[in-house]
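# Observations on the model geometry
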Amino acid sequence: MMKKVAIIPIILALAVMMLIYPQKCLDSARYGLELWLTAVLPSLLPFMAASFLLLDTGVVRLIAALFTPLTRRLFYAPGEAAYVLAAAAVSGYPVGARLTAELYARGEISEPDAQRIVRFTSVTGPVFLTGAVSTGMLGLPAAGAYLAAAHYLSAILTGVIMGLIDRRRHPAPPAKRCTLKDAWARFKADAATCPPIGIMLSSSVEKSLWALLKIGGFIILFAVLLELLNVTGVMDALVWLYSPFASLAGLNNAAAQAFVAGGVEMTTGCARVAAL
């Protein structure tokens, strides 16, 4: 209750600032919309829809049966984590979280396992890294490989470390292993009962669009928020607080500002780095 009461003045202040600076808010909202429409939507929609289609066919059970020994050993997570990680690495945000939520809603994974999977599968996709960021924003196609390596290796390392911690904090008896034969039988049963391809395709596109519309809304909202932080001087104060650490990394004031902006909204932060 107190948290909700405490946030009311902040919301009111933001609303007042939007009334004071309507043109800047409108320009930043247009910028966020253009960024979502030209960079995020084209790179995510096809892969996200394909991921939901694969879920409906039941092929995830086969993947889980194959990779359960590996994922349990590395991440202390079920075999479904392998599919979610692969789909998220191909598609990008928020596919990892969205597929994990879908698997949990279907009862195929438990809540603790869902939490473990989300920790290391919330990654961006190579199309966004190499296409939107490296080529489109930075104009450096060769940088995509370095960005992707750092990004995915850090996600895997996070999963391994958190898995080790969870294994000590929450030891559990070994789960009953599903053989490939059993998984194949379940896959054939799922394939026999899955809806027609037209219905599955329509459902996959609908789910993907709803998720991407939410992302677009957040990009626009935080683009406006960043602009308000700029015009009110709050961003300068945040950059000043961060400047000692930035100087150690050899970053100038503009780069530090882009870094802080990326902490608020990643896509906007990437675009500001590209504009340096």
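Now for a description of the structure that goes with this document. (Residues numbered from 1 in each chain as written. Predicted model: local features only at pLDDT ≥ 70, side-chain atom pairs only at ≥ 80, totals over all residues. Heavy atoms only, no water.)

In terms of regular secondary structure, the protein is built from 13 helices and zero strands. Each helix and strand of the protein, placed in order from N terminus to C terminus, yields the pattern α-α-α-α-α-α-α-α-α-α-α-α-α. Principal axes of the C-alpha set define a box for the protein whose edges measure 65 × 50 × 45 Å. Sorting the 276 residues of the protein into buried and exposed places 38% on the buried side. Sequence-distant contacts in the protein: of pairs separated by 6 or more residues, those separated by 24 or more amount to 73%. (Helix = DSSP H or I, 4+ residues; strand = E, 2+ residues; numbered from the N terminus. Buried < 20%, exposed > 50% of the residue type's maximum accessible area, 1.4 Å probe, protein only. Contact = heavy atoms within 4.5 Å.)

Opposite charge on two side chains permits pairing when their charged atoms draw close. What the rule picks out here adds up to eight salt bridges. Put simply, Asp27 and Arg30 hold a salt bridge, and the shortest N to O gap is 3.9 Å. With a gap of three residues between them, Asp27 and Arg30 both fall in helix α2 (residues 22-57), about one helical turn apart. Residue Asp27 is classed as partly exposed on the basis of its relative accessible area of 38%. Three or more residues are tied together by salt bridges with common partners; here these are Arg72, Asp113, Arg116, Arg119 and Asp166. (Salt bridge = Lys/Arg side-chain N within 4 Å of Asp/Glu carboxyl O.)

Relative to the helices and strands, Glu102 resides in helix α5 (residues 95-105). Among the residues examined, Glu102 registers a relative accessible area of 11% and is labelled buried.

This part is about helix α3 (residues 59-75). The sharpest bend along α3 reaches about 60° and sits at Phe67, with the proline Pro69 one to four residues further on. Val59, Val60, Arg61, Leu62, Ala64, Ala65, Thr71 and Phe75 are the residues of α3 that are buried. Of the residues trailing α3, Tyr76 is marked for its positive phi of about 55°. (Bend = angle between axes of the 7 residues up to and from the residue.)

Looking now at the packing of aromatic side chains. Here the distance between the centres and the angle between the planes together describe a pair of aromatic rings. Taken as a whole, this structure holds two aromatic pairs when the rule is applied. Geometrically, the ring pair formed by Phe75 and Phe120 is stacked, given 4.2 Å between the ring centres and 20° between the ring planes. A residue pair is termed long-range when its members are at least 10 positions apart, and Phe75 in helix α3 and Phe120 in helix α6 (residues 111-121) qualify at 45 residues. (Phe/Tyr/Trp six-rings, centres within 6.5 Å; stacked < 30°, edge-to-face > 60°.)

A contiguous nonpolar surface patch, about 470 Å² in accessible area, is contributed by Ile7, Ile8, Ile10, Ile11 and Leu12. Looking at the secondary structure, you find Ile11 in helix α1 (residues 2-20). (Patch = residues over 30% accessible without salt bridge, like charges linked within 9 Å, V, L, I, M, F, W, Y side chains within 5 Å. Areas by Shrake-Rupley, 256 points an atom, 1.4 Å probe, with all protein chains shown as cover.)

Another aspect to go through is the packing of helix α4 (residues 80-91) against α6. The N-to-C vectors of α4 and α6 enclose an angle of 30°; their axes lie 10 Å apart at closest approach. Classified by the angle between their axes, α4 and α6 sit roughly parallel to one another. Along this stretch, α4 crosses α6, giving a crossing that reads as right-handed. Contacts between α4 and α6 pair Ala81, Val84, Leu85 and Ala88 from the former with Ile117, Phe120 and Thr121 from the latter. (Axes fitted to C-alpha atoms, helices over the stretch in contact; angles between N-to-C directions. Parallel < 35°, antiparallel > 145°, perpendicular 65-115°, else oblique. Left-handed = near helix turned anticlockwise from the far one by under 90°.)

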